[in-house]
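Now for the letters of each chain:
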Amino acid sequence: MVTAIVHINAEVDRIPEVAQTIAELDGVSEVYSITGEYDLLAIVRVPAYEQVAEVIPGKLNKVAGVLRTETHIAFRTYSRHDLEAAFSIGLGESD
């Protein structure tokens, strides 16, 4: 699984609409409205690197109201939530 973190600048008066449209794209798992230099942050999760190009420049960048993006690819995932989910389904428990 490849995870990309995409910072997005959008037309100010269209931020909610842009966020919703991006959230509906295949491969986009989450979109956050954020403070700072960027307006939105999208998490893209796809099975292969080639699909990053299909989702981000192929779809996300073409959403009306998107002005600019900056993409970062994650090397590894470290998450407390992943561990909690694994234990909640019984992994690691001895019977």
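Residues numbered from 1 in each chain as written. Predicted model: local features only at pLDDT ≥ 70, side-chain atom pairs only at ≥ 80, totals over all residues. Heavy atoms only, no water.

Per an unreviewed UniProt entry, the protein goes by DNA-binding Lrp family transcriptional regulator and derives from Streptosporangium saharense.

For the coordinates displayed, the defined rule picks out four salt bridges. A salt bridge links R14 to E17; its shortest N-O distance comes to 2.8 Å. Classification of R14 by relative accessible area gives partly exposed; the value is 21%. Of the charged contacts, one joins E70 and R68 as a salt bridge, the two residues approaching to 3.8 Å between their closest N and O atoms. Taking the relative accessible area as the measure of exposure, E70 reaches 29% and is therefore partly exposed. Residue classification places R68 among the partly exposed residues on the basis of a relative accessible area of 38%. One network of salt bridges, with partners in common, ties together E11, R14 and E17. (Salt bridge = Lys/Arg side-chain N within 4 Å of Asp/Glu carboxyl O. Buried < 20%, exposed > 50% of the residue type's maximum accessible area, 1.4 Å probe, protein only.)

Within helix α1 (residues 15-23) the residues assigned to the buried category are I15, V18, A19 and I22. Looking straight down α1, one finds its buried side chains confined to an arc of 100 degrees; they lie on one side. Summarising the contacts, the buried residues of α1 are in contact with β1 (2-10), β2 (28-33), β3 (40-46) and β4 (66-73). (Helix = DSSP H or I, 4+ residues; strand = E, 2+ residues; numbered from the N terminus. Arc of directions from axis to C-beta. Contact = heavy atoms within 4.5 Å.)

Here we come to the sheet that holds β3. Backbone-to-backbone hydrogen bonds join strands into a sheet, with any given pair of strands oriented parallel or antiparallel. Spatial strand order, β2-β3-β1-β4: four strands in an open sheet with antiparallel pairing. Across the chains shown, the open sheet's two edge strands, defined by having one partner strand only, are β2 and β4. Between one strand axis and the next, the sheet turns by 20 degrees as a mean value, whatever way the strands run. Pairing of β1 with β4 involves seven bridges; the strand directions are antiparallel. By the bridge assignment for β4, A10 is matched with V66. Strands in contact with α1 are β1, β2, β3 and β4; relative to β2, the strand with the most contacts, it is inclined by about 165 degrees. (Pairing = 2+ DSSP bridges. Axes fitted to C-alpha atoms, helices over the stretch in contact; angles between N-to-C directions.)

This part covers the environment of E37. Relative to the assigned elements, E37 resides in the loop between β2 and β3. On the accessibility criterion, E37 (59% relative accessible area) is exposed. Setting aside its immediate chain neighbours within four residues, E37 contacts N9 and R68.

Before going further, it helps to spend a moment on the environment of I15. Within the fold, I15 resides in helix α1. Along the backbone, I15 and S33 are 18 residues apart, and their C-alpha atoms lie at a distance of 8.1 Å. Once residues lying within four places of it in the same chain are set aside, the contact partners of I15 are A10, D39 and L40.

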